[in-house]
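Analysis of the macromolecular model
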Amino acid sequence: MFKDIQKQLLLKYPLLWNTKFIPMIGIGLLLHLIFFGLGFLDGTIDFSNKTKIDISVFSVLIGVLLALIIVILWLVNYFKNNALKSFYSKSKNALFYEWFQIFCISLVLISFYLPFSFGKQLHQKSYFSLEETKKRCEIISIADIFIDGSFAETEIDSVASGLLIGATAIAVDSIPMEEEYTENYDYDTATGRVHKDYIIFNGKKYDEYSLLNRNIFEFTVFNKEEDSLNERKVKMWLHNNEKEKVKNLC
């Protein structure tokens, strides 16, 4: 069937036959369909916060590789027939038609990420609206402070760090003087810095293991600014002792 179509194109529409327009558009549409399915699969939302496989990067790499291979094979078949172009029956707009066909083929092959992105968004929107999704993710995100949020790193104590460096410089071989400082400060052995054992929030001092020093869980549905506002909001509740607002998270 495919050979018959190509034969008819050669006899009636040699330009379409030379550019392999119809089979290349078919391959491009098939590629779009495959990546739409991959995007739909990647659009699964797991509100349990479990780690899921991110196939976005893998899909892009595979897509680029496939597009490159297809383009190379297509160009080989396209250029090998150029010697026969002088025998084609051409219209005055043949050059424009040829350029337009090449443009369409190239566009279809390199735009595989668009159906991937559309499929991903379509699957995500099938759960809830964007507003409802953000609302639910916000509750999970700020509730993480009370459940399993990691502690943020406190500020570096420049004075204690200076003392530690000085103690290290004058330490004797038998009794390193830096031990005296590492017992009294939060000493980071990886960076050699001393961190304070407290934080300052809104002008008030809190212990480094206070809830106000915990991080929230970040969802990709929020940008950095929105994450910062959510974190600031729940910490202001704690700072102002607004128990009712905290209870509403449950």
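Anyway, here's the lowdown on the structure attached to this text.

1. Topic: the overall build of the protein
Across its full length, the protein carries eleven helices and four strands. A total of 250 residues make up the protein; the buried ones form 32% of that total. The long-range fraction of contacts in the protein, counting pairs at least 24 apart against all pairs at least 6 apart in sequence, stands at 71%. By element, 63% of the accessible surface of the protein is carried by carbon and sulfur atoms, the whole surface being about 16900 Å².

2. Some points on helix α4 (residues 56-79)
Its 24 residues place the ends of α4 34 Å apart at the C-alpha level, agreeing with the 34 Å of an ideal helix rising 1.5 Å per residue. Those residues of α4 lying buried are Ser56, Ser59, Gly63, Ala67, Ile70, Trp74 and Tyr78. For α4, the elements touching its buried residues are α2 (14-19), α3 (21-42), α5 (94-110) and α6 (113-127).

3. Considerations on the packing of aromatic side chains
The tally for this structure, following the rule as stated, stands at eleven aromatic pairs. With centroids separated by 5.5 Å and ring planes inclined at 15°, the aromatic side chains of Trp99 and Phe103 adopt a geometry described as stacked. Residue Trp99 and its partner Phe103 are located together in helix α5, separated by four residues, close to a single helical turn. Phe103 sits in the partly exposed class, given a relative accessible area of 42%. An aromatic cluster is built from Phe96, Tyr97, Trp99, Phe100 and Phe103, whose rings are joined through pairwise contacts.

4. Describing a nonpolar patch on the surface
Together, Phe96, Tyr97, Trp99, Phe100, Phe103, Leu107 and Ile110 make up a nonpolar patch on the protein surface, roughly 770 Å² of accessible area in all. Examined against the element boundaries, Phe96 turns out to sit in helix α5.

5. As for the packing of α3 against α5
Across the interface, α3 lies against α5 with an axial gap of 8 Å and an inter-helix angle of 20°. With respect to α5, the element α3 is oriented roughly parallel. In this structure, the crossing between α3 and α5 has a hand that is left-handed. Contacts between α3 and α5 involve Phe21, Met24, Ile25, Gly28, Leu29, Leu31 and His32 on the former and, on the latter, Gln101, Cys104, Ile105, Val108 and Leu109. Looking at the contact of α3 with α5 residue by residue, the classes come out as nine nonpolar, three polar and no charged.

6. Description of the nonpolar core
Membership of the largest hydrophobic core is limited to nine residues, which are Met24, Ile25, Ile70, Trp74, Tyr78, Cys104, Ile105, Val108 and Leu109. Mapped by element, the contributors of at least two residues to this core are α3, α4 and α5. By residue number, the principal contributor to this core is α5, which donates four residues. With residues near it in sequence (within four places) discarded, Ile25 still touches Cys104, Ile105 and Val108. Within the second largest apolar cluster, seven residues are counted, among which are Ile142, Ile216, Val234 and Trp237.

7. Examining the environment of Tyr198
Tracing the chain through its elements places Tyr198 in strand β3 (residues 198-201). For the pair Tyr198 and Thr154, spaced 44 residues apart in sequence, the C-alpha to C-alpha distance is 6.8 Å. Once residues lying within four places of it in the same chain are set aside, the contact partners of Tyr198 are Thr154, Lys205, Tyr206, Asp207 and Glu208.

8. Some points on the environment of Gly39
Structurally, Gly39 can be placed in helix α3. Residue classification places Gly39 among the buried positions, given a relative accessible area of 0%. For the pair Gly39 and Ser59, spaced 20 residues apart in the sequence, the C-alpha separation amounts to 8.6 Å. Those residues within four positions of Gly39 in sequence are excluded, and the remaining contacts are Phe116, Gly119 and Lys120.

9. Describing unusual backbone geometry
We note that Lys20 has phi near 55°; this positive angle belongs to a residue other than glycine. Relative to the elements of secondary structure, Lys20 occurs in the loop between α2 and α3. Even without a glycine there, the phi angle at Asn241 is positive, about 60°. Looking at where Asn241 falls in the secondary structure, it is placed in the loop between α10 (224-239) and α11 (243-247). Residue Asn241 is classed as exposed on the basis of its relative accessible area of 53%.

How each quantity is defined
- Residues numbered from 1 in each chain as written.
- Predicted model: local features only at pLDDT ≥ 70, side-chain atom pairs only at ≥ 80, totals over all residues.
- Heavy atoms only, no water.
- Helix = DSSP H or I, 4+ residues; strand = E, 2+ residues; numbered from the N terminus.
- Buried < 20%, exposed > 50% of the residue type's maximum accessible area, 1.4 Å probe, protein only.
- Contact = heavy atoms within 4.5 Å.
- Areas by Shrake-Rupley, 256 points an atom, 1.4 Å probe, with all protein chains shown as cover.
- Expected span 1.5 Å × (residues − 1).
- Phe/Tyr/Trp six-rings, centres within 6.5 Å; stacked < 30°, edge-to-face > 60°.
- Patch = residues over 30% accessible without salt bridge, like charges linked within 9 Å, V, L, I, M, F, W, Y side chains within 5 Å.
- Salt bridge = Lys/Arg side-chain N within 4 Å of Asp/Glu carboxyl O.
- Axes fitted to C-alpha atoms, helices over the stretch in contact; angles between N-to-C directions.
- Parallel < 35°, antiparallel > 145°, perpendicular 65-115°, else oblique.
- Left-handed = near helix turned anticlockwise from the far one by under 90°.
- Nonpolar A, V, L, I, M, F, W, Y, C, P; charged D, E, K, R; others polar.
- Core = buried A, V, L, I, M, F, W, Y, C linked by side-chain atoms within 4.5 Å.

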